[in-house]
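# Working through the structure, step by step
Listed here are the chains, written in short residue letters.
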Amino acid sequence: MFTPLRLALSCLLVAFIGGVLLLAGCDNAEPEAIGDNLLGVVTISENLEVLEDLVENLPLAATLRTGNDLTFFAPTDEALNNLGADMLGLFRINSNQDVVQKLLRRHLVPGRILLADLQDGDLLQPLDGPPLEVRVEDAEEGEARTVTVGGARITGSDLETSNGVVHEVDDLARNHLTLAERLRVTPLISDFADLLTVADLNSLASSGEPRTLLIPINSAFDALGTARLQSLERFDNRTVLSKILRHHALPGLLREADLENGGTLTALDGSDLDVRAEGGLTFLSEARVIVPEIETSDGLIYLLDTVVLSHLDLAERLQVEPQLRDFYNIFGDASLLGRLGGDETFTLFVPTDASLEPLGEPFQDELRLRADLLLRTAQYHVVPGRVEPDDLMQDGTLTTLGDYDLRVQTIDDVGGVAAFVGGRGRVAFPPIETRNGLIYSISPFILPPDLDLEERAVFGALYTFLNTMRNAGLTPLLRGEDPRGEGPYTIFATTDAGFDGVSLPPSTRRRTMEYHILEGEYDLGDLLGFKPIPDSLFFRLPTLEGDDIRAYPPPPGLGVGLNCTEVPIFDEETGEQVATELVDCTRLVQPDMRATNGIIHSIDGVLELPN
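Please read all numbers here as calculations on a predicted model, not as lab measurements.

## Considerations on the sheet that holds strand 9 (residues 211-216)
- In space, the 7 strands of this open sheet follow the order 10-9-15-14-13-12-11, with mixed pairing throughout. Every other strand in the sheet has two partners, leaving strand 10 (249-251) and strand 11 (263-266) as the edge strands with one partner each. Each adjacent strand pair in this sheet contributes to an overall mean axis angle of 35°, direction not counted.
- Looking at chain direction, strand 12 (residues 272-278) and strand 13 (residues 281-284) are connected through 4 bridges and run antiparallel. Paired with Ala277 across the bridge in strand 13 is Thr282.

## Considering the state of the cysteines
- Going through the model one piece at a time under the given rule, you end up with 1 disulfide.
- There is a disulfide in this structure between Cys564 and Cys585, and the S-S distance comes to 2.0 Å. Measuring handedness by torsion sign, the sulfur bridge of Cys564 and Cys585 sits at about 120° and is right-handed. Of this pair, Cys564 sits in the loop between strand 28 (561-562) and strand 29 (565-570) while Cys585 sits in the loop between strand 30 (577-583) and strand 31 (586-595), placing them 21 residues apart in sequence.

## Comments concerning the packing of helix 14 (residues 325-333) against helix 18 (residues 371-379)
- Close contact between helix 14 and helix 18 brings their axes to 9 Å; oriented N to C, the two are set at 125°. Comparing the axis directions of helix 14 and helix 18 gives the class oblique. Crossing handedness for the pair helix 14 and helix 18: left-handed. In this structure, helix 14 contributes Phe327, Ile330, Phe331 and Asp333 to the contact, and helix 18 contributes Leu374, Thr377 and Ala378.
- In the contact of helix 14 with helix 18, the residues fall into 5 nonpolar, 1 polar and 1 charged.

## Examining the packing of aromatic side chains
- For the structure on display, the rule yields 9 aromatic pairs.
- On the basis of an interplanar angle of 70° and a centroid distance of 5.3 Å, the ring pair of Phe363 and Phe459 is categorised as edge-to-face. Of this pair, Phe363 sits in helix 17 (residues 362-369) while Phe459 sits in helix 19 (residues 453-459), placing them 96 residues apart in sequence.
- Ring plane angle 55° and centroid distance 5.1 Å describe the contact between Phe530 and Phe539, whose orientation is recorded as tilted.
- Residue classification places Phe539 among the buried residues on the basis of a relative accessible area of 3%.
- Grouped by ring-pair contacts, the aromatic residues Phe349, Phe429 and Tyr440 constitute a single cluster.
- For the cation-ring pair, Arg424 lies above Phe445, with the distance from its terminal atom to the ring centre recorded as 4.5 Å.
- If you follow Arg550 out to its NZ or CZ, it ends over the ring of Phe538, 6.0 Å from the centre.

## Some points on the nonpolar core
- Counting residues in hydrophobic clusters, the biggest one holds 54 residues, and the most contacted among them are Leu318, Phe331, Leu340, Leu348, Phe363, Phe465 and Ile491.
- The contact partners of Leu348, leaving out residues within four places of it in the chain, are Leu314, Leu318, Phe331, Leu340, His381, Val382, Leu438, Ile439 and Tyr440.

## As for the sheet that holds strand 3 (residues 123-124)
- The strand order across the open sheet built from 4 strands is 3-4-5-6, with neighbouring strands paired in antiparallel fashion. Each edge of the open sheet is held by one strand with a lone partner, namely strand 3 and strand 6 (152-153).
- In terms of strand pairing, strand 4 (residues 132-137) meets strand 5 (residues 146-149) through 4 bridges, oriented antiparallel. Pairing of Val136 across the sheet is with Val147, part of strand 5.

## Looking at the pattern of salt bridges
- Summed over the entire model, instances satisfying the criterion amount to 38 salt bridges.
- Close ionic contact of Glu133 with Arg135 constitutes a salt bridge, the shortest N to O distance being 3.1 Å.
- For Glu133, a relative accessible area of 38% puts it in the partly exposed group.
- Arg135 gets classed as partly exposed once you look at its relative accessible area, which sits at 41%.
- In the salt-bridge network here, residues are joined through shared partners; they are Glu366, Arg370, Glu454, Arg470 and Arg479.

## A word on the packing of helix 14 against helix 17
- At a minimum axis distance of 11 Å, the contact between helix 14 and helix 17 shows a crossing angle of 15°. Between helix 14 and helix 17, the interaxial angle falls into the category roughly parallel. In terms of crossing hand, the pair formed by helix 14 and helix 17 is right-handed. In contact with Asp326, Asn329, Ile330 and Asp333 of helix 14, helix 17 contributes Phe363, Gln364, Leu367 and Arg368.
- Split into classes, the residues belonging to the contact of helix 14 with helix 17 amount to 3 nonpolar, 2 polar and 3 charged.

## Here we look at a nonpolar patch on the surface
- Side chains of Met393, Val417 and Phe429 sit close together on the surface and give an oily, nonpolar patch of about 240 Å² of accessible area.
- In this structure, Val417 sits in strand 20 (residues 416-421).
- Here Val417 falls in the partly exposed class, since its relative accessible area comes to 43%.

## Focus on the pairing of strand 19 (residues 405-413)
- The pairing of strand 18 (residues 396-399) with strand 19 spans 4 bridges and is antiparallel. When the bridges of strand 19 are listed, Gly396 appears paired with Val408.
- Between strand 18 and strand 19, which pair antiparallel in sequence order, lie 5 residues; one of them, Gly402, sits at a positive phi of approximately 85°.
- Strand direction decides the pairing type here: strand 19 and strand 20, joined by 6 bridges, are antiparallel. Bridging from a neighbouring strand, Gln409 pairs with Phe420 of strand 20.

## Let's talk about the side chain of Thr212
- Assignment of secondary structure puts Thr212 in strand 9.
- Within the structure, Thr212 has its side chain in polar contact with the backbone oxygen of Gly252 (distance 2.8 Å).
- Those residues in contact with Thr212, other than ones at most four positions away along the chain, are His248, Ala249, Leu250, Gly252, Leu253, Leu254, Leu300 and Tyr302.

## Some words on helix 7 (residues 97-105)
- Of all 9 residues in helix 7, 7 are buried; the element is thus mostly enclosed.
- Tucked into the core, helix 7 has its buried residues touching helix 3 (49-55), helix 4 (60-66), strand 1 (70-75), helix 6 (85-91), strand 2 (108-110) and helix 8 (179-184).

## Description of the confidence of the model for the protein
- Residues of the protein with pLDDT of at least 70 account for 93%, and the chain-wide mean is 90.
- When the criterion is pLDDT under 50, residues 1-33 qualifies, and its contacts beyond four places in sequence or with other chains add up to 29 contacts.

## Focus on helix 18
- For helix 18, every residue scored as buried is listed here: Leu373, Leu374, Arg376, Thr377, Ala378 and Gln379.
- For helix 18, the elements touching its buried residues are helix 14, helix 17, strand 17 (382-384) and helix 19.

## Comments concerning the pairing of strand 15 (residues 299-304)
- Counting buried positions along strand 15 gives 6 out of 6 residues, so the element sits mostly inside the fold.
- Going residue by residue along strand 15, you find Gly299, Ile301 and Leu303 tucked away on one face and Leu300, Tyr302 and Leu304 tucked away on the opposite face as well.
- Pairing of strand 9 with strand 15, which is carried by 6 bridges, proceeds in the parallel orientation. Paired with Leu214 across the two strands is Tyr302, which belongs to strand 15.
- Across 5 bridges, strand 14 (residues 287-296) lies against strand 15 in antiparallel orientation. Bridge pairing links Glu295 to Leu300 in strand 15.
- A loop of 2 residues connects strand 14 with strand 15, the two strands running antiparallel in sequence.

Definitions and cut-offs
- Residues numbered from 1 in each chain as written.
- Predicted model: local features only at pLDDT ≥ 70, side-chain atom pairs only at ≥ 80, totals over all residues.
- Heavy atoms only, no water.
- Pairing = 2+ DSSP bridges.
- Helix = DSSP H or I, 4+ residues; strand = E, 2+ residues; numbered from the N terminus.
- Axes fitted to C-alpha atoms, helices over the stretch in contact; angles between N-to-C directions.
- Disulfide = S-S within 2.5 Å.
- Parallel < 35°, antiparallel > 145°, perpendicular 65-115°, else oblique.
- Left-handed = near helix turned anticlockwise from the far one by under 90°.
- Contact = heavy atoms within 4.5 Å.
- Nonpolar A, V, L, I, M, F, W, Y, C, P; charged D, E, K, R; others polar.
- Phe/Tyr/Trp six-rings, centres within 6.5 Å; stacked < 30°, edge-to-face > 60°.
- Buried < 20%, exposed > 50% of the residue type's maximum accessible area, 1.4 Å probe, protein only.
- Lys NZ or Arg CZ within 6 Å of the ring centre and 35° of its normal.
- Core = buried A, V, L, I, M, F, W, Y, C linked by side-chain atoms within 4.5 Å.
- Salt bridge = Lys/Arg side-chain N within 4 Å of Asp/Glu carboxyl O.
- Patch = residues over 30% accessible without salt bridge, like charges linked within 9 Å, V, L, I, M, F, W, Y side chains within 5 Å.
- Areas by Shrake-Rupley, 256 points an atom, 1.4 Å probe, with all protein chains shown as cover.
- Polar contact = N/O pair within 3.5 Å; in protein donor to acceptor, adjacent residues only side chain to side chain.
- pLDDT = per-residue confidence, 0-100.

So, in structure tokens, the structure goes:
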């Protein structure tokens with residue numbers, strides 16, 4: 001069969017041998033094989049350069065060079081480039097060469113088949129995969145007929161060689177790959193493939209049984225955020241990761257027609273996926289199907305725009321939420337995770353890790369030392385049942401585990417109405433939906449009810465003060481168990497930073513700490529209301545130690561100062577004292593930390609005993 005390309009090559013050959021370019025003399029030339037074999041056609045064709053690059057290092061190259069009577073339906077550069085640079089990059093990875101070899105073997109059919117030989121309905125058996133169906137559309141007058149093989153359209157004429165025929169086609173057949181092979185060479189779903197490896201769950205795509213994978217595309221994993229992805233990959237979270245991945249797999253073949261009437265599907269992890277159709281779109285739980293029914297040899301793939309997490313229970317979802325990890329640990333220490341992962345429904349108000357950060361690393365250790373405080377703290381953040389966002393848009397009271405009252409307040413804010421729980425915790429919307437309830441993140445943290453002075457000091461991050469009180473034998477006073485009475489007491493508690501560089505000898509430790517304690521309860525308003533004693537700048541606060549603290553009301557500036565040094569200021573001309581400057585004051589840092597048996601004011605230094 002004559003083709004323009006064959007004719008031109010024949011003419012060039014005649015010109016080369018004869019030394020003279022005589023185009024007219026080529027009119028009657030006999031057709032010659034293009035190249036000396038199938039690989040030669042691929043090499044010299046301007047339309048098959050990408051294919052040449054892929055074949056170069058494959059065992060298939062030898063088949064194209066020495067095999068007998070093969071027909072090669074060769075994907076053109078345009079067909080392969082349409083797959084995208086990322087996919088072609090995966091094709092070139094050495095570990096994927098077996099998959100590329102399999103892809104191209106599907107385009108090779110034994111025998112020498114010319115274009116004219118192909119008839120509508122023919123089935124051609126390639127070297128790999130199931131038969132390729134031939135479809136032929138009759139040509140209109142003056143036009144060539146359209147021929148497709150396995151869905152790929154033949155774009156050129158017969159290119160005959162010594163060992164076969166090449167037909168250029170506009171697509172690459174991939175439906176004979178297995179699920180596992182398709183994952184290896186599809187960059188759009190590489191994150192899912194990588195997580196299967198992390199979870200040691202590659203068998204999910206290579207079980208040998210028909211299976212449907214519901215695969216979130218990479219941008220869906222990107223939407224989870226880097227921190228959450230890293231959390232999923234943690235070794236101690238592998239069980240949850242496995243559950244998430246298995247939730248995206250179904251036994252058998254799920255056809256698109258099976259989704260039209262909605263309903264419920266059971267995933268391989270045993271939990272349900274809700275199917276619904278809205279506005280011509282199909283949703284599986286919270287994920288939208290963006291590409292259905294990608295065929296493979298052992299299953300189907302659906303591409304989703306979202307990673308489905310709503311099947312996780314409260315405990316599992318907390319486990320993989322990186323910004324809520326600290327309180328997940330608190331729930332664990334309080335032995336509540338089992339209940340949060342059960343069949344009961346709860347609403348959680350969980351402080352973010354950032355909101356707990358000011359409490360420092362010792363906070364959770366201090367909670368573990370106090371089982372009752374630990375349990376109350378955890379229970380105060382758990383409300384039985386579902387508390388919907390609308391329920392938080394009106395003032396009221398919720399009842400938590402342990403029968404504590406959790407106050408809900410709303411205020412008008414710049415962006416609308418803001419909701420607060422526990423007097424201070426601002427609620428973030430929307431909540432995280434889980435199988436058995438809702439999770440709202442809050443900031444800052446909220447205080448459990450009925451805190452004594454010791455417990456309130458924990459939530460004030462006054463850890464060095466607490467240890468010093470323990471060493472001084474004054475813990476019973478903080479707990480309301482002191483022989484002198486249950487209080488109330490007012491305590492000036494030095495911050496951890498205020499203890500820097502201070503060492504209290506055992507001989508004076510108890511007296512020094514008693515010097516920081518007043519009988520009675522005095523809030524900041526009370527302190528600001530005291531009047532200095534006559535002819536002085538301060539008023540006296542009698543302490544348990546027996547000596548008085550000198551307290552200076554404003555001025556000197558930023559509130560009450562304790563045990564200031566009075567520096568006289570003199571007029572340079574008359575030498576008379578005209579004022580007094582207060583220096584080296586111990587200042588209140590955080591006043592009015594209230595407890596059931598008193599009040600704590602944190603201060604920025606240790607008060608020295610009077611000489």
